[in-house]
Amino acid sequence: QDGLKRCLAEFRQQLTWVERLDVTLGPVPDPVSQGASTSDAVDPENDFQREMSFYRQAQAAVLEALPRLHKLQVLTRRPDDYFAEMAKSDQQMQKIRQKLKSKQEAMERSEKAKQLRAMRKYGKKVQVEVLQRRQKEKKNMLNAVKKYQKGLSDKLDFLDEEQTSSQGNKKGNASQRTKKGPNAKRRYKNQKFGFGGKKKGSKWNTKESFNDVSSFQSKVAHNKGPGKGGRGGKGGKKALNKRPGKRARQKMKNRAR
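This one's a predicted model, so the numbers in the text were calculated from it and none came from an experiment.

## Some thoughts on the packing of aromatic side chains
The description of an aromatic ring pair rests on the distance of the ring centres and on the angle between the ring planes.
Then comes step 1: Enumeration over the complete set of coordinates arrives at zero aromatic pairs.
Then comes step 2: When the ring centre of Trp17 is taken as origin, the NZ or CZ atom of Arg68, which lies over that ring, is 4.0 Å away.

## Some thoughts on the pattern of salt bridges
Then comes step 1: According to the stated counting rule, one finds three salt bridges in the structure shown.
Then comes step 2: For the salt bridge of Asp47 with Arg50, the shortest nitrogen-to-oxygen distance reads 2.9 Å. Residue Asp47 and its partner Arg50 are both found in helix α3 (residues 47-71); the two are separated by three residues, about one turn of the helix.
Then comes step 3: Classification of Arg50 as partly exposed rests on a relative accessible area of 26%.
Then comes step 4: Residue Glu137 is joined to Arg133 by a salt bridge in which the shortest nitrogen-to-oxygen separation is 3.7 Å.

## Here we look at the confidence of the model for the protein
Then comes step 1: Per-residue pLDDT for the protein averages 78, and the proportion of residues at 70 or more is 74%.
Then comes step 2: Ranking the helices and strands of the protein by mean pLDDT puts α3 first, with 91, and helix α6 (residues 174-178) last, with 51.

## Structural notes on α3
Then comes step 1: Taking 1.5 Å of rise per residue, the 25 residues of α3 would be expected to cover 36 Å, and the 37 Å separating its terminal C-alpha atoms lies within 8% of that figure.
Then comes step 2: Within α3, burial applies to Ser53, Arg56, Ala60, Ala65 and Leu69.

## Here's the deal with the UniProt feature "coiled-coil region" (unreviewed entry) in the protein
Then comes step 1: UniProt's feature table lists "coiled-coil region" (unreviewed entry) at residues 86-113, given in the numbering used throughout.
Then comes step 2: The span residues 86-113 is 86% helix and 0% strand, and its two end C-alpha atoms sit 39 Å from each other.

## Some points on the environment of Thr24
Then comes step 1: Mapped onto the secondary structure, Thr24 falls in the loop between α2 (17-20) and α3.
Then comes step 2: Thr24 sits in the exposed class, given a relative accessible area of 78%.
Then comes step 3: Once the C-alpha coordinates of Thr24 and Glu64 are considered, the two residues, 40 residues apart in sequence, prove to be 9.7 Å apart.

Analysis parameters
- Throughout, a residue's number is its position along its own chain's written sequence, starting from 1.
- Confidence filtering applies because this is a predicted model: local features only for residues at pLDDT of at least 70, side-chain atom pairs given and counted only at 80 or more, and all residues used for totals across whole chains, interfaces and linings.
- Working from all heavy atoms in the structure, the side-chain values ignore hydrogens and water.
- Pairing of aromatic side chains requires ring centres within 6.5 Å, counting the rings of Phe and Tyr and the six-membered ring of Trp. Pairs whose planes differ by under 30 degrees are stacked, by over 60 edge-to-face, and all others tilted.
- Lysine and arginine charges are scored as sitting over a ring when NZ or CZ, respectively, is within 6 Å of the ring centre and within 35 degrees of the ring normal.
- We define a salt bridge as a side-chain nitrogen of Lys or Arg found within 4 Å of a carboxyl oxygen belonging to Asp or Glu.
- The helix count covers DSSP runs of H or I at least four residues long, the strand count covers runs of E at least two residues long, and both are numbered beginning at the N terminus.
- Accessibility here uses a 1.4 Å probe with only protein chains present; expressed as a share of the type maximum, an area under 20% marks a residue as buried, one over 50% as exposed, and anything in between as partly exposed.
- Looking at any residue, its pLDDT shows the predictor's confidence there, from 0 to 100.
- Between the first and last residue of a helix there are one fewer steps than residues, each counted as 1.5 Å, and that sum is the expected span.
- UniProt positions are given in the numbering used here, feature names are shortened, and annotations may be inferred rather than shown by experiment.

Okay, here's the thing in structure tokens:
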């Protein structure tokens, strides 16, 4: 012990406190527990208690050192025009920024992929439920048909259910929802071929139609109307504008020469 004290006295430098700035104090009292928190009361395995002990000890050192520095007229605040270089270069900070950006983009892509997978699972689940419901309805209808065929049941309710289901599917089409009555094709066929009633002999003459001569036209009946010629049946303006034959055109060329 004497030798240690002698060695300590040899390399110890008798400097003022402002050159050493050493402060050795215990932590400030904990405001929560309202008592002095010593190092024995801190659980070293508890990260939160250990860090809070360091923080309170540093706080006690600041409360002790700041008044002494102000008393020695030592400035403790950084000037407004103070400039200090960073410990890391701009290139290193740029690399760090790029790495953080890439990590953030990777997290966003992962989140989007998770959402897509969840949506696909939900869609697949809905599809399976619809298929199961259709199979169940089909099975119930087949069982009802078998019972009816075997005479075990005289109800035809399954036919009504099938019709209502088919009507429900048809309602999905907007054009069918807006239209009422037969479509254009059906109306044309009804107009052309008739709809109900007597078909055979519908174009035969009756006594009234035989005596009705109001629509009779003699020129049309005797081929004397416009566009009708004598024997050939093609005359009028069309006959006048008819192009002469090849031989007649050749004779006309020879006469012109």
